[in-house]
Amino acid sequence: DQWLSTAFSEMLHTELAAGDQLRMVSGEDVARARLESRLPEVDTLAKPSLQRLHAQLNTDLVLLGSFTALREKANERIRFDLRLQDTDSGETLAETSATGNPNQLFQMATQAGTELRQKLGLAGLSSEQSGEVSASLDSNPEANRFYAQGLDALRHFDAQQARDLLVRAIAADPNHALSHSALAEAWFDLGYDPKAAAEARKAFDLSNKLSRPDRLLIQARYQEFSHDYAAAIETYQS
């Protein structure tokens, strides 16, 4: 069930990033910080741990959570519990939860994101911004699972397993731009530069409806893997 953690985290990240009201730390940087800091798998962090994360990631707020898979005969329900903590004071600023079946991850992320925005005093998303979020996320449950597993493998430096999983994600949904971009990264890590550039180009061609942060990331990877380093640096800086 671990893929559910990665999938929901990515969806919630995309939901909260929409509208450019919050500066989100990338999922890759979060994964690296967790590995380097050896953070415990807990629902809340003590003040010293939060302050270390503030120093590592330059983040003011940390969103933590856990999930429980509830299986009853043919039914499967997932419950996510989330807590927002201040990295300076250690205070818990907000708590929320979302429940549904594994095929409703997008709806649960939207619900949790809406509640967190309200508790932070932020404006809701416009219809255009909601459309960008929908375009970034994969509504195909099988593709979503393989994409999440592939991302997790990439972040644990297993590019070969990531490649195999992301190929399966794209087979399930050939039009998911972020899957193509992640596969390009896996090919690049494995030393297949031409394949990385070709896959990055596919991601770029499919990215026009995504949110600005996702479009920029995909564009920067395409430029980097195509050896246009000056343009890639500029886009990454953006």
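Structure shown above.
Per chain, residues are indexed from 1 in the order of the written sequence. Local features are withheld for residues below a pLDDT of 70 in this predicted model, meaning they are given only at 70 or higher, and side-chain atom pairs are given and counted only at 80 or more; totals for whole chains, interfaces and linings count all residues. Excluding hydrogens and water, the side-chain values take into account all heavy atoms of the structure.

(A) Structural view of the overall build of the chain. Put simply, DSSP marks the helices as runs of H or I at least four residues long and the strands as runs of E at least two long, and each gets a number from the N terminus on. Within the chain one finds eleven helices and three strands. Since a compact globule built from 238 residues should have a radius of gyration of about 18 Å, the 18 Å found for the chain is in line with a globular shape. Dimensions of the chain, computed from the C-alpha atoms along their principal axes, are close to 50 × 45 × 40 Å. Within the chain, the proportion of its 238 residues that are buried is 41%. Working rule for contacts: check all heavy atoms of both residues, and any pair within 4.5 Å makes them a contact. Looking at the chain alone, contacts between residues at least 24 apart form 55% of all its contacts between residues at least 6 apart. Of the side-chain charges in the chain, 24 are positive and 35 negative, and the distance between the mean point of each set is 3 Å. To get the radius of gyration, use the C-alpha atoms; to get the globule rule, take the number of residues to the power 0.38 and multiply by 2.2 Å. Three exposure classes are used, based on accessible area relative to the maximum for each residue type with a 1.4 Å probe and protein chains only: buried under 20%, partly exposed in between, and exposed over 50%. We count Lys and Arg on the positive side and Asp and Glu on the negative side, and we leave His and both chain ends out. The atoms used to mark charge sites are NZ of Lys, CZ of Arg, CG of Asp and CD of Glu.

(B) Inspection of the pattern of salt bridges at higher detail. Any Lys or Arg side-chain nitrogen found within 4 Å of a carboxyl oxygen on Asp or Glu counts as a salt bridge. In total, this model carries nine salt bridges according to the counting rule given. Residue Arg 32 is joined to Glu 28 by a salt bridge in which the shortest nitrogen-to-oxygen separation is 3.3 Å. Within this pair, Arg 32 and its partner Glu 28 are both found in helix α2 (residues 27-37), separated by four residues, close to a single helical turn. The exposure class of Arg 32 is partly exposed, given its relative accessible area of 33%.

(C) A look at the side chain of Thr 87. With respect to the helices, strands and loops of the structure, Thr 87 is situated in the loop between β2 (75-86) and β3 (92-100). Thr 87 sits in the buried class, given a relative accessible area of 2%. A polar contact of 2.9 Å, which involves the side chain of Thr 87, links it to the backbone oxygen of Thr 59. Each residue touching Thr 87, except ones within four places of it in the same chain, is listed here: Leu 50, Gln 51, His 54, Thr 59, Asp 60, Leu 61 and Val 62. Here a polar contact means two N or O atoms within 3.5 Å. Within protein one must be a hydrogen donor candidate and the other an acceptor candidate, and residues neighboring in sequence count only if both atoms are side-chain atoms.

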